[in-house]
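Coordinate analysis (summary)
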Amino acid sequence: MRRAIALALRGWGNTHPNPMVGCVLVEDGQVTSEGYHERDGAAHAERVALASLMRNPIPGATLYVTMEPCSTAGRTGACTDAIIAAGIRKVVVGASDPNPAHAGRGYAVLRRAGIEVVTGVLEAECADLNLIFNHWITSAGPLLAGKFATTLDGRIATRTGESQWITGEAARADVHRWRRLFPAIAVGGGTVMKDNPRLTARVEGEPEFCPVRFVFDGRLRSVLDHKLPRVYTDEFAAKTVVVTTQHGGLGYVRKLREMGVGVWVFESPSGSVTLAQFRARCASEGICGVLFEGGSRLMSRALLERQIDYLFSYQAPILLADERAKPVLSGLRMERLAQAIRLSDLRRATLGDDALVRGRVAYPDRIQVDETLFSVE
């Protein structure tokens, strides 16, 4: 199963809106064929592994697959049909199909055909492969994930605004790996004006990859200066979408569109886009996952509105111990620990000297806003 997971990872970032799946065929204790789902519309991992063998499996062959085989025809045919036709006698599965309409159905089809089915092998690891797909298929909406890098005392910049670099090279390389997975990245307008980021995935040994780049700028302040941020003018400008409101001004909207930059305009009584509106638009556009990388106000507002589903927290072994250093989050009023926002289904990694904790966001029943601290984008 670990080999099947490694195969599934070869589809990293290329299979949306489908899951990453790996498959290994074992005969007499030896791996004789392998497969993985390469991209949306391509053959599923089980069919790739069976076809790669170029003969019928020997009696007693076992198939290891990271996700429950599909039992509906779809575009490529049901994998359960291919497994049964191949004469496989045992199937070992990692994670079940997260779709409530299909979960367990593949197992039932295989068992009715007399095939032994073993489930739940490295289940957590197999499910973790498909954070985005699992959320998309169960909620019919995108996974909105947040990412930040902080000191041990939760600061993202010194009092003078210096922030590059809090974390080391290994942690930054990991961020680019996750950027390569998510179909889209989101930042606030203040971030593109201050840092002028490229917002692409630059993974060693691979060509530079540009996801959809969302810039939240409710009043289009990032378009006012003569020198525009690079995300509006670089070779990937067509992958940039500015998320704004009617307060931004039609002239600036027209200017961006004439440059080839996309613009989503939302009605808002203030200069801020409601994140629920943004989530719904992403769903309608088929964007199944967005990684929010800042700034602090955008992230804080997303949490306030209960719109962050998953969180990546990178932490460096640094202490600033300065109350005027910039905190990663603000705007909420917490009087009791029971009111805290928590993470569940935790995964941890050590990246050089830095640490990553990531997990699903669990919100308290009620979130209280500290009006003296919270300000909109």
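The shown structure was predicted, so the numbers you read here are calculated from the model rather than taken from an experiment. Residue numbers restart at each chain and count upward from 1, following the sequence in its written direction. Confidence filtering applies because this is a predicted model: local features only for residues at pLDDT of at least 70, side-chain atom pairs given and counted only at 80 or more, and all residues used for totals across whole chains, interfaces and linings. Hydrogens are left out, water is left out, and the side-chain values use all remaining heavy atoms of the structure.

1. Things to note about the side chain of Thr 80
Put simply, the test is: Helix numbering and strand numbering both begin at the N terminus, where a helix is a DSSP run of H or I of at least 4 residues and a strand a DSSP run of E of at least 2. In this scheme, a residue with accessible area under 20% of its type's maximum is buried, one over 50% is exposed, and one in between is partly exposed, where area comes from a 1.4 Å probe on protein chains only. Note on contacts: a residue pair is in contact if any heavy atoms of the two residues lie within 4.5 Å.
By the element assignment, Thr 80 lies in helix H3 (residues 79–86). A relative accessible area of 1% means that Thr 80 is categorised as buried. The residues contacting Thr 80, other than those within four sequence positions of it, are Pro 69, Cys 70, Ser 71, Gly 106, Val 109 and Leu 110.

2. Notes on the confidence of the model for the protein chain
Short version of the rule: How sure the predictor is of each residue is captured by pLDDT, a score from 0 to 100.
Looking at the protein chain, the pLDDT average stands at 91 and 98% of residues meet or exceed 70. In the model, residues 373–377 has pLDDT below 50 throughout and makes 21 contacts with residues more than four positions away in sequence or in other chains.

3. Notes on the packing of aromatic side chains
The test is simple: Whether two aromatic rings pair depends on their centres lying within 6.5 Å, for rings of Phe, Tyr and Trp, where Trp uses its six-membered ring; planes under 30 degrees apart make the pair stacked, over 60 edge-to-face, and the rest tilted.
Scanning all chains against the criterion turns up 10 aromatic pairs. Here Phe 214 and Trp 264 contribute two aromatic rings whose centre-to-centre distance is 5.0 Å and whose plane-to-plane angle is 55°, an arrangement assigned as tilted. Here the residue Phe 214 occupies a position in strand S9 (residues 212–216), and Trp 264 occupies one in strand S11 (residues 262–266), the gap between them amounting to 50 residues. By relative accessible area, Trp 264 is classed as buried at 8%. The interplanar angle of 90° and the centroid separation of 4.9 Å between the aromatic rings of Phe 214 and Phe 278 together place this pair among those described as edge-to-face. Taken together, the residues Phe 214 in strand S9 and Phe 278 in helix H10 (residues 275–285) connect sequence positions 64 residues apart. Grouping residues by exposure puts Phe 214 and Phe 278 together as buried. Through a chain of ring-to-ring contacts, the aromatic side chains of Trp 12, Trp 178, Phe 182, Tyr 310 and Phe 312 assemble into a single cluster.

4. Thoughts on the pairing of strand S2 (residues 30–36)
Our working definition: In this analysis, strands are considered paired if DSSP registers two or more bridges between them.
Of the strand pairs in this sheet, strand S1 (residues 22–27) and S2 are connected by six bridges, and their pairing is antiparallel. Paired with Val 24 across the bridge in S2 is Glu 34. The antiparallel pairing of S1 with S2 creates a hairpin that spans two residues between the two strands, and Asp 28 there sits at a positive phi of about 50°.

5. Remarks on a positive patch on the surface
Convention followed: Patch rule: a residue counts if its relative accessible area is over 30% and it has no salt bridge; like charges are joined within 9 Å, and nonpolar side chains (Val, Leu, Ile, Met, Phe, Trp, Tyr) within 5 Å. Exposure was quantified through the Shrake-Rupley algorithm and a 1.4 Å probe, taking into account, for residues, occlusion by the shown protein chains and nothing else. By convention in these notes, a salt bridge is any Lys or Arg side-chain nitrogen within 4 Å of a carboxyl oxygen on Asp or Glu. Charge counting follows a simple rule: Lys and Arg are positive, Asp and Glu are negative, and His as well as the terminal groups are ignored. Lysine's charge is taken at NZ, arginine's at CZ, aspartate's at CG and glutamate's at CD.
Together, Arg 219, Arg 221, Arg 297 and Lys 326 make up a positively charged patch on the protein surface. With respect to the element layout, Lys 326 can be found in strand S14 (residues 326–327). Looking at Lys 326, the relative accessible area reads 43%, which means it is partly exposed.

6. Digging into the layout of surface pockets
Our working definition: Buriedness of a pocket was judged along seven lines, with at least five required to meet protein on both sides within 12 Å; pockets are open sets of points on a 1 Å grid over the protein atoms alone, cavities are sets where a 1.4 Å probe fits but cannot get out, and lining residues have an atom within 4 Å of a point. Grid points are joined across faces, edges and corners, and a volume is the space filled by probe spheres set on the points. All residues other than Ala, Val, Leu, Ile, Met, Phe, Trp, Tyr, Cys, Pro, Asp, Glu, Lys and Arg, Gly among them, are scored as polar; the first ten of these are nonpolar and the last four charged.
Approximately 990 Å³ is the volume found for the largest pocket. If you go around the largest pocket, you meet 37 residues; those closest to its centre are Lys 147, Ser 163, Thr 191, Asp 195 and Glu 293. The set of elements that each furnish at least two residues to the lining of the largest pocket consists of strand S6 (143–150), strand S7 (155–157), helix H7 (169–181), helix H8 (189–195) and helix H11 (296–304). Each residue belonging to the lining of the largest pocket can be placed in one class, and the counts come to 15 nonpolar, 11 polar and 11 charged. For the second largest pocket, the calculated volume is near 560 Å³. Sorting the residues of the lining of the second largest pocket by element identifies helix H2 (45–53) and helix H6 (131–139) as the ones contributing at least two each.

7. Some points on the packing of H3 against helix H4 (residues 105–112)
Test applied: A fitted line through C-alpha atoms represents every axis, and for helices the fit uses only the stretch in contact; the resulting angles, taken between N-to-C directions, go from 0 to 180 degrees. Roughly parallel here means an angle under 35 degrees, roughly antiparallel means over 145, roughly perpendicular means 65 to 115, and every remaining angle is called oblique. Left-handed describes a crossing whose near helix is turned anticlockwise from the far helix through less than a right angle; right-handed describes the clockwise counterpart.
Contact geometry of H3 with H4 gives a least axis separation of 10 Å together with a crossing angle of 20°. Between H3 and H4, the angle is such that the two are roughly parallel. Classified by chirality, the crossing of H4 by H3 is right-handed. When H3 is examined against H4, the residues Thr 80, Ile 83 and Ile 84 are found in contact with a partner set consisting of Gly 106, Val 109 and Leu 110. Looking at the contact of H3 with H4 residue by residue, the classes come out as four nonpolar, two polar and no charged.

8. Some remarks on the side chain of His 176
Of note, His 176 is situated in helix H7. For His 176, a relative accessible area of 13% corresponds to the buried category.

9. As for H2
The cut-off we apply is this: The arc in question is formed by the directions pointing from the helix axis toward the C-beta atoms.
Among all positions of H2, only Ala 45, Glu 46, Ala 49, Leu 50 and Leu 53 are buried. Buried residues in H2, looked at end-on, bunch into an arc of 130°, giving them a common side. Along its buried surface, H2 packs onto S1, S2, strand S3 (62–67) and H3. Positive phi appears at Met 54, one or two residues downstream of H2, with a value of about 60°.

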